[in-house]
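What follows is the residue order along each chain.
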Amino acid sequence: MSHPVVPPPPAPPLLAAPLASRVFDRTVLVLGAVAIVVALVTMGTPQLPLSGLELLTVPLIMLVARFPLVLDRGDGGIEVGFDSCVLMFLLCTLGPQESVLLWSLGVIGTQITNDKRTNIKLFNIGVGILGGAVAALIVVVVDADRGTPRELFAIFLAAAAYFGIDFIVSAVSVSLEERSPVRDQLVQRGSLIAVSCFVPFDSLGYLAAVVVRAAPWWTLVLLVVPLVTLLVATRSVTRGTENARRLEVLFEAAVRAQTLSDTRQVIDALIDDARRLLRLSQVVVRAEPPAPHEIGAQLQDGQRDRWLVAPGRHRARSTQSADQQALEALVAVSSDAFARLRLTEDMTHLARHDLLTNLPNRGLLLDRVEHALQLSRRRGTRIALLFIDLDGFKPVNDRFGHAAGDAVLIDFAQRLASCVRASDTVARLGGDEFAILLEDVRPVEVDSACERILTALSSGAHVAGHRLALSASVGVAFGEPGDTSESLLRNADLAMYEAKARGKNQFVTYEGALGRTRLQRLELVESLRSSVAAGDLSLVYQPVVRASTGRITGVEALARWNSNGVDVPPDIFIKVAEESGLIVPLGDVILELAAADAPRLLAAAGGELTVAVNISAKQLREAAFVDRVRAARDRMSGATLVLEITERDMIGDDPVSIDAMAQIAELGVHFAIDDFGVGFSSIGYLQDMPVKIIKTDASFSDGIDRDERSCALLCSITMMGQALGLDVVIEGIERASQLEHLRDHVHAPLAQGYLLHRPMPVDRVVNVLQTNQALVDADAESRV
């Protein structure tokens, strides 16, 4: 018997079948009922009761109906059953009225026990009874004697009529359901196989009747083997075709999965492909696993537990386990799509966010600034961009390592986020630079946000048990007509540098004049970079004298720079070098120049001479610095090299710097602490570091001839230095009264200042050294 296989709708809830299809199906049911009434009236009342063997044909009909041949086309098809062989057997062994009765019971039992939709069941009952009644009427009309060729011809006509009615009526039903031509349903792949299978099956029914007439009933067992063989063969054909179709669906799903661009599309495609794969409409994706009567596979989307679930059914085209395997295969295909989307999302996130803090990076910030500028122009609102640079962060990395520095940056990023609204954008631009985009704000609100940021960051950070005092410089730029994201960020950057220039730990709002100042500064940086690279700097030397005799014991090398014919003050270009990262190469050039002049200076001095060079603490952290100092010492022909480092720039307990100082001290190079007394204000590091000289800050000597406290302070420093075995140099001696107090009251051994000698070029200092040596020698001879 043929059964229409209606395609699953694209999505639940189920859509109603076309009106013409429903009317046709109901008509077939009515015709089936009319046909059985006509047949019973024509052929007479069945002789009851029926024997047990005869009643066994009812479950046999139901069993054979479980093994149909499925003819698929598109999303629908027809199930061609071969239970008509039992009908042929009944027509050959029983009266037509009894045959129709048993056949009708078998058809009804078959439909009651399957899980098709109700309208399909009713249609199948109608078409089955209609075909059986017509087949019985044909046998009655032919009226052939049993065992004759005429009977065989009658059975052939009855079987052909049944198959034709069943197949054609089912094809019409499916075509109306799908709104497709009837011919497409009749002529399709597998139709010829169905016809060729119909002949041996119905012939088997006639053969069984012949066996029953000529032999005991139990000989029917001999026909079990060919019947089972035919049923297994049709099932194999059906499921083989179904497996091929499913492979095609899986291949199409795999190809389509590579084109989907978001998770929602993958989920929708997965459900659609599962419905096509299983030919079931009740497929869903949900959080709950499948119930006992369901099948399902867990999605691997990397987000949450979800399941692809469908009803668990045994059908002609597939088993429940095969459906389960099909779902698992489809989910595996979708897993690749989910993994690709996750990888794409991760790569996109990494490309647009900072790896350390997970904040938006420069690219994403600029996109949001551009969008905010456009939005503010349409709405008439204002936006502000804050450029934030941490003050004093570099020593954290140098002293405690990058891991500690990263922890500080993460902490500061969280503090910044807590200072603004959730709708604002906090981004990390790189290093210790951050930016904040404030949208739809007033200037007073921006000022308040800046104050909150400075307060939050000024509390410093705790690193490895140490509390570090850190702060931030903030530049503010408001969006103006004509601004782009790049120009707004540049303006905020200029304002931030102005905040640093004004003393740090504050915020500055951008003005046009800042741009011109910054441009001049950038030009100065590039000019200094070129001069350092070419070694185009010069040195002047300021002598250090013994306070009691006036003898020059050493000289201090001081850098000078002339940019495009203009002498740039040392405090300006040194600061520029520190802020631009040029301080290390600048210090290396000064060291080389001083080493080159040292032999002339030593010869002019006629005896021992120290040559002092100022260095930056950053140079001590350079891996090659010790080797540079060794090379410089070797070129100095016996002059003692002194490396001066300011107390403000002291290295603390940085192990790299301390190790470098120890190695340098072993070379016979001395270290001097410049500007002593204004930095750490602690003598602890004097005990731990290889320091030989301390040079007091000029502010201490300024009032020694007028202020007893200043004089007493210098006395204390001198006594402390001498107690520690250190030479003490008093800087800033510019008046004769200062020198007199220094000799009479402070008793410091060494002095330096404009009263004694001003900084001078090397040729002049050579003459001064020679003259000083001659005067000292003459004084010594006169005393003798």
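It should be noted that the structure appears before, not after, this text.
Residues numbered from 1 in each chain as written. Predicted model: local features only at pLDDT ≥ 70, side-chain atom pairs only at ≥ 80, totals over all residues. Heavy atoms only, no water.

Q: Could you clarify how one ought to interpret the sheet that holds strand 9 (residues 433-439) in this entry?
A: By way of backbone hydrogen bonds, the strands of a sheet pair with one another, either parallel or antiparallel. What the five strands build is an open sheet, ordered 8-9-7-12-13; its pairing is mixed. Sheet topology places strand 8 (425-430) and strand 13 (507-509) at the edges, where each strand pairs with a single neighbour. On average, adjacent strands in this sheet sit at an angle of 20° to one another, irrespective of strand direction. Pairing geometry for strand 7 (residues 383-391) and strand 12 (residues 471-478), over eight bridges, is antiparallel. (Pairing = 2+ DSSP bridges. Helix = DSSP H or I, 4+ residues; strand = E, 2+ residues; numbered from the N terminus. Axes fitted to C-alpha atoms, helices over the stretch in contact; angles between N-to-C directions.)

Q: I would appreciate a short explanation of the pairing of strand 18 (residues 640-646) in the present structure.
A: Within a regular beta strand, the side chains point alternately toward one face of the sheet and then the other, so they alternate between its two faces. Extensive coverage of strand 18 is indicated by the burial of five of its seven residues. One ladder, built from five bridges, connects strand 17 (residues 610-614) with strand 18; its direction is parallel. Bridge pairing links Val613 to Leu643 in strand 18. Here strand 18 runs beside strand 19 (residues 670-676); their pairing, made up of five bridges, is parallel. Paired with Ile645 across the two strands is Ile673, which belongs to strand 19. (Buried < 20%, exposed > 50% of the residue type's maximum accessible area, 1.4 Å probe, protein only.)

Q: Can you help me understand the pairing of strand 15 (residues 552-563) in this one?
A: Of all twelve residues in strand 15, ten are buried, a share of seventy percent or more. Here strand 14 (residues 538-546) runs beside strand 15; their pairing, made up of eight bridges, is antiparallel. Counted as the bridge partner of Val540 is Leu558 from strand 15. As consecutive antiparallel partners, strand 14 and strand 15 are separated by five residues, and within that stretch Gly550 has a phi angle of approximately 85°, a positive value. The pairing of strand 15 with strand 16 (residues 566-568) spans three bridges and is classified as antiparallel. In the sheet register, Asn562 faces strand 16, and the bridge partner there is Asp567. Here strand 15 folds back onto strand 16, and the loop between the two strands holds two residues, one of which, Asn564, carries a positive phi near 55°.

Q: Mind showing me how you'd approach empty space enclosed by the protein here?
A: Gaps between atoms show up when a probe of the same size as a water molecule is rolled over them. This structure, assessed with the given rule, holds three cavities of 30 Å³ or more. Quantified by volume, the largest cavity comes out at close to 70 Å³. Along the walls of the largest cavity sit Ala253, Arg256, Ala257, Leu260, Val266, Ala269, Leu270, Asp273, Leu330, Val333 and Ser334, which together make up its complete lining. Taken together, the elements giving at least two residues each to the lining of the largest cavity come down to helix 10 (224-257), helix 11 (263-278) and helix 12 (320-352). With four residues, helix 11 is the single largest residue contributor to the lining of the largest cavity. (1 Å grid on protein atoms, 1.4 Å probe; cavity = no way out; pocket = protein on both sides within 12 Å on 5 of 7 lines; lining within 4 Å. Points joined across faces, edges and corners; volume = space filled by probe spheres on them.)

Q: Which parts of the structure should I look at to understand unusual backbone geometry?
A: Residues other than glycine predominantly adopt negative phi, and peptide bonds predominantly adopt the trans conformation. Even without being glycine, Asn358 reaches a positive phi, approximately 65°. Residue position: Asn358 is located in the loop between helix 12 and helix 13 (362-379). Classification of Asn358 as partly exposed rests on a relative accessible area of 47%.

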